[in-house]
Amino acid sequence: MHIAAQALVALVALIHACFLVLEMFLWDTARGRKVFATTPAFSRESATLAANQGLYNGFMAAGLVWSLLAGDPVAYQAQIFFLGCLIVAGVYGAATVSRKILLVQAAPAAVALVLVLLAG
């Protein structure tokens, strides 16, 4: 169970590292506009906001990577904290922006959190 939990935590970290790249570097490109279904005008005008969101996702990914490298009890506590933050942010994003965020962000973090708690 522990290995599965750690693998899923790593996957969630990777997902959020990808969000960092998409939001900070690809937001105002054809690929970024396709992923987020935005227009060229909107992506141009909101690039700074997207970069800020990408930075947040990078910090979440970094926190999860740190939790994978740290020893217990810090690793366990950090995983619960960062996964919990991602679940709350995903639920909020689903309620305010798009339900898809629930599946892309909150669901993987929730499954990882359940596995971390069961393994702990």
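The shown structure was predicted, so the numbers you read here are calculated from the model rather than taken from an experiment. (Residues numbered from 1 in each chain as written. Predicted model: local features only at pLDDT ≥ 70, side-chain atom pairs only at ≥ 80, totals over all residues. Heavy atoms only, no water.)

## Quick look at unusual backbone geometry
A cis amide bond links Asp-72 with the next residue in sequence, Pro-73, at an omega value of 10°. Along the polypeptide, Pro-73 turns up in the loop between helix H4 (47-69) and helix H5 (74-96). A positive phi angle is found at Ala-37, which is not glycine, with a value near 55°. Secondary-structure assignment places Ala-37 in the loop between helix H2 (30-36) and helix H3 (40-45). (Helix = DSSP H or I, 4+ residues; strand = E, 2+ residues; numbered from the N terminus.)

## Notes on a nonpolar patch on the surface
Taken together, the side chains of Val-21, Met-24, Phe-25, Leu-55 and Phe-59 present a nonpolar region at the surface, about 480 Å² in accessible area. Of all the elements in the fold, those that place two or more residues in the nonpolar patch are helix H1 (2-24) and H4. Following the sequence through the fold, Phe-59 ends up in helix H4. (Patch = residues over 30% accessible without salt bridge, like charges linked within 9 Å, V, L, I, M, F, W, Y side chains within 5 Å. Areas by Shrake-Rupley, 256 points an atom, 1.4 Å probe, with all protein chains shown as cover. Salt bridge = Lys/Arg side-chain N within 4 Å of Asp/Glu carboxyl O.)

## Quick look at the nonpolar core
In terms of nonpolar packing, the biggest core is built from 17 residues, with Val-9, Val-12, Leu-64, Leu-83, Leu-86 and Ala-112 touching the most fellow members. When contributions to this core are tallied by element, the ones reaching two or more residues are H1, H4, H5 and helix H6 (100-119). In this structure Val-12 touches Leu-64, Leu-83, Leu-86, Pro-108, Ala-109 and Ala-112, once residues within four positions along its chain are discounted. (Core = buried A, V, L, I, M, F, W, Y, C linked by side-chain atoms within 4.5 Å. Buried < 20%, exposed > 50% of the residue type's maximum accessible area, 1.4 Å probe, protein only. Contact = heavy atoms within 4.5 Å.)

## Observations regarding the pattern of salt bridges
If you walk through the whole model with that rule in mind, you get one salt bridge. Of the charged contacts in the structure, one is a salt bridge between Arg-33 and Asp-28, with a shortest N-O distance of 3.2 Å.

## Details of H1
With 23 residues, H1 ought to run about 33 Å at 1.5 Å a step, and its terminal C-alpha atoms sit 33 Å apart, in line with that. Taken together, the buried positions of H1 are Ala-5, Gln-6, Leu-8, Val-9, Val-12, Ala-13, His-16, Phe-19, Leu-22 and Glu-23. Tucked into the core, H1 has its buried residues touching H2, H4, H5 and H6. (Expected span 1.5 Å × (residues − 1).)

## Notes on the side chain of Gln-6
Considering the arrangement of structural elements, one finds Gln-6 in helix H1. Overall, the relative accessible area of 19% leaves Gln-6 in the buried class.

## Quick look at the packing of H5 against H6
Direction vectors running N to C along H5 and H6 enclose 155°, while the axes themselves pass 8 Å from each other. Looking at the two axes, H5 sits roughly antiparallel to H6. Taken as a pair, H5 and H6 cross one another with a handedness that is left-handed. Residues Tyr-76, Gln-79, Ile-80, Leu-83, Leu-86, Ile-87, Ala-89, Gly-90, Val-91, Gly-93 and Ala-94 of H5 form the contact with H6, whose participating residues are Ile-101, Leu-102, Gln-105, Ala-106, Ala-109, Ala-110, Ala-112, Leu-113, Val-116 and Leu-117. (Axes fitted to C-alpha atoms, helices over the stretch in contact; angles between N-to-C directions. Parallel < 35°, antiparallel > 145°, perpendicular 65-115°, else oblique. Left-handed = near helix turned anticlockwise from the far one by under 90°.)

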